[in-house]
Every structure is written in structure tokens, then in C-alpha cells.
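# Architecture and fold: a report
Chain by chain, the residues run as shown.
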Amino acid sequence: MNGARIRRGSMAADQFTQIANGLFRDNCLSYKAKGIFGYISTHQDGWQVTVAGLVRSGPDGRDAVRTGLQELETHG
């Protein structure tokens, strides 16, 4: 994954993020994937997401981040 840009909806603002409860209650997603989604969703419109950037921002390694991202892609 080379990188992707965040595109936020009209309800987004810099001081808070709204995420549907259903995402966090979804039994198909691991806590790792939910955490990555939550982290990504806190950034402003246009922020670039890369595996390397996500690895630098947390304690999990490259493989954990990649599998979390793959899980999110698989589940849409």
C-alpha cells in the first residue's frame, strides 16, 4: 500500500470524530482493525495514510498494521 488520502464527510470536524457504534460492535472485526479505523478517522481531510506512518504512530509492527488494514479492506 503506497498511501491513501482521507476523505471525511460533512459532519467531520477537527476536534471530534463520529463513528457508528455498529463498527465497534461488529464481531467480524478484530480490536486491532477497529483501533486502526478509529485512529485513521481522527485525521483531517486530505491526510495521507501509509503503512509506515501507521507503524510509526503506535506500538504494533508492520505485519500487525498490514493485517489490520487488510481486514478493514475485506470488510469494506
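Cut-offs used in this document
- Residues numbered from 1 in each chain as written.
- Predicted model: local features only at pLDDT ≥ 70, side-chain atom pairs only at ≥ 80, totals over all residues.
- Heavy atoms only, no water.
- Helix = DSSP H or I, 4+ residues; strand = E, 2+ residues; numbered from the N terminus.
- Buried < 20%, exposed > 50% of the residue type's maximum accessible area, 1.4 Å probe, protein only.
- Lys, Arg positive; Asp, Glu negative; His and termini not counted.
- Salt bridge = Lys/Arg side-chain N within 4 Å of Asp/Glu carboxyl O.
- Polar contact = N/O pair within 3.5 Å; in protein donor to acceptor, adjacent residues only side chain to side chain.
- Contact = heavy atoms within 4.5 Å.
- Axes fitted to C-alpha atoms, helices over the stretch in contact; angles between N-to-C directions.
- Parallel < 35°, antiparallel > 145°, perpendicular 65-115°, else oblique.
- Nonpolar A, V, L, I, M, F, W, Y, C, P; charged D, E, K, R; others polar.

Position of Glu71 among the secondary structure elements: in helix H4 (residues 62-74). One buried charged residue, Glu71, remains without a salt bridge, the closest side chain of opposite sign being Lys32 at 5.6 Å. A polar atom in the side chain of Glu71 sits 2.5 Å from the backbone nitrogen of Ser30. If sequence neighbours within four positions are ignored, Glu71 has contacts with Cys28, Leu29, Ser30 and Ala33.

Let's shift gears to the packing of helix H2 (residues 31-41) against H4. Two quantities define a packed helix pair, namely the angle between the helix axes and the distance between the axes. With their axes 8 Å apart at the nearest point, H2 and H4 run at an angle of 85° to one another. Classed by the angle they form, the pair H2 and H4 counts as roughly perpendicular. In this structure, H2 contributes Lys32, Ala33, Ile36, Phe37 and Ile40 to the contact, and H4 contributes Ala64, Val65, Thr67, Gly68, Leu69, Glu71 and Leu72. Classifying every residue of the contact of H2 with H4 gives eight nonpolar, two polar and two charged.

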